[in-house]
Amino acid sequence: MQKTTLKESLKEEQSLKLKLFGEPILRRKAKAVKQITDWHSKVLSQMAQIMYAHKGIGLAGPQVGIDEALIVVDIGNELYKLINPKIIKKEGTQVMEEGCLSIPEVSVRVRRAKKIKVLAQDESGRSISIEAENLLACVFQHEIDHLKGKLIVDYASFWERLKMKKKLKELEKRLKDEKLSQSETKSCKL
Ligand code: ZN
C-alpha cells in the first residue's frame with residue numbers, strides 16, 4: 001500500500017514531455033492498465049493539454065514517456081480520453097497523408113481502415129464503444145499503433161524512406177546531443 005503511494009507520488013512529480021523519434025519508449029509496447037486511478041485521469045488531462053499546445057489531433061501515452069495504454073484524440077468536435085483502446089471491427093480502406101507529433105516535419109501516406117469500431121474504458125473505468133470513420137478512424141488507428149510501438153515511418157514506401165532518411169538522422173542526432181549535454185551537466189555538478 002505504502003509502496004504504491006510512494007510510486008504514485010513519484011510518478012506525479014514527473015512533468016510530461018513530448019518524446020521525439022529515437023526515444024526507445026516510442027518503440028515499446030504499452031502495458032494494459034489494470035487498475036484505473038486518479039493518476040490516469042491526471043495524465044490524460046495533461047496529455048490533452050500537450051496535444052492542444054502542439055496543435056495535434058491525437059496523442060498516445062508513449063509519446064509523453066508513459067508506457068501505459070492511454071490515448072487522447074480530438075479532431076475538433078469532441079475530446080476522447082481512452083484507456084486500453086482496442087479496434088474490434090475494421091471496414092474499407094482509406095489513404096491519408098499523416099504526420100506525427102513525435103516525428104516533426106515528416107509525413108507518410110498511410111493506408112488504413114475507413115471505418116472502425118473501438119472498445120475502450122473511460123476515466124471512471126466504464127466500458128465504451130465508439131464507431132468512427134474517415135479522419136477520426138485514421139487518428140484512432142494512428143494512436144493505437146503508438147501503443148504497439150508502431151510509427152508512421154513503418155508504412156513509408158521506398159521513395160518516402162529515402163526522402164525522410166536525412167530528417168530522421170537529424171532527429172536521432174538531436175536526441176544524442178541532448179543526452180550528451182545532460183550527462184555533461186551532471187558530471188560538472190559532481
Ligand atoms: Zn503519432
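What counts as what
- Along every chain, residues carry numbers that run from 1 in the direction the sequence is written.
- For a predicted model such as this one, the threshold for reporting local features is a pLDDT of at least 70, and the threshold for listing and counting side-chain atom pairs is 80 or more; totals across whole chains, interfaces and linings nevertheless cover every residue.
- No hydrogens and no water enter the side-chain calculation; it runs on all heavy atoms of the structure.
- A donor here means an N, O or S atom no more than 2.8 Å from the metal, or no more than 3.2 Å when the metal is Na, K or Ca. Since water is not included, a site may seem to lack partners.
- Helix and strand labels come from DSSP, where a helix needs a run of H or I of at least four residues and a strand needs a run of E of at least two; each type is numbered from the N terminus.
- We call a residue buried when its accessible area falls under 20% of the maximum for its residue type, exposed when it is over 50%, and partly exposed in between, using a 1.4 Å probe and counting protein chains only.
- Helix span, as expected, comes to 1.5 Å for every residue beyond the first.
- We treat two strands as partners when DSSP finds at least two bridges between them.
- Fitting a line to C-alpha atoms yields each axis, with helices limited to the stretch in contact; the angle taken between N-to-C directions then spans 0 to 180 degrees.
- The contact criterion used throughout is that any non-hydrogen atoms of two residues lie within 4.5 Å.

A. How the structure looks around the coordination of the zinc ion. The coordination sphere of the zinc ion, as far as protein atoms go, consists of Cys-100 (SG), His-142 (NE2) and His-146 (NE2), spread over 2.1 to 2.2 Å. Mapping the donors of the zinc ion onto the primary sequence yields the spacing C-x41-H-x3-H. Within this pair, whereas Cys-100 is found in the loop between strand 4 (94-98) and strand 5 (108-112), its partner His-146 is found in helix 3 (residues 134-147), the two being separated by 46 residues in sequence. With respect to class, Cys-100 is no different from His-146; both count as buried.

B. Local environment of helix 3. If you check helix 3, its first and last C-alpha atoms are 21 Å apart, about what 14 residues at 1.5 Å a residue would give, namely 20 Å. Taken across its 14 residues, helix 3 has twelve buried, putting it largely inside the fold. Residues of helix 3 that are buried include every one of Leu-136, Ala-137, Cys-138, Val-139, Phe-140, Gln-141, His-142, Glu-143, Ile-144, Asp-145, His-146 and Leu-147, and no others. Of the residues flanking the end of helix 3, it is Gly-149, one or two places downstream, whose phi is positive at about 80°.

C. Structural detail: helix 2 (residues 38-53). Along its 16 residues, helix 2 runs 23 Å from first to last C-alpha, staying within 8% of the 22 Å computed at 1.5 Å per residue. Considered for burial, the residues of helix 2 that qualify are Trp-39, His-40, Ser-41, Val-43, Leu-44, Met-47, Ala-48, Ile-50 and Met-51. Among the residues trailing helix 2, Lys-55 stands out with phi positive, at a value near 55°.

D. Examining the sheet that holds strand 1 (residues 58-60) more closely. Spatially, five strands are ordered 1-2-3-6-7 in an open sheet, and the strand pairing comes out antiparallel. The open sheet is flanked by strand 1 and strand 7 (127-133), the only strands paired with a single partner. Adjacent strand axes in the sheet meet at a mean angle of 35°, parallel and antiparallel pairs treated alike. Bridging between strand 6 (residues 115-121) and strand 7 involves seven bridges; their strand directions are antiparallel. Looking across to strand 7, one finds that Lys-117 is bridged to Glu-131. Sheet strands touched by helix 2: strand 1, strand 2 (70-73) and strand 3 (80-91). Its angle to strand 2, the strand with the most contacts, is close to 40°.

E. The pairing of strand 5, seen in detail. Every second residue of strand 5 is oriented toward a common face, the buried set being Val-108, Val-110 and Arg-112 and the non-buried set Arg-109 and Arg-111. Relative to strand 5, strand 4 runs antiparallel, the two sharing five bridges. When the bridges of strand 5 are listed, Glu-97 appears paired with Arg-109.

F. Up close: the environment of Lys-115. Mapping Lys-115 onto the fold places it in strand 6. Along the chain, Lys-115 and Lys-90 lie 25 residues apart, while their C-alpha atoms are 5.8 Å from each other. With residues up to four places along the chain from it excluded, the contact list for Lys-115 reads Lys-89, Lys-90, Glu-91, Ala-132 and Glu-133.

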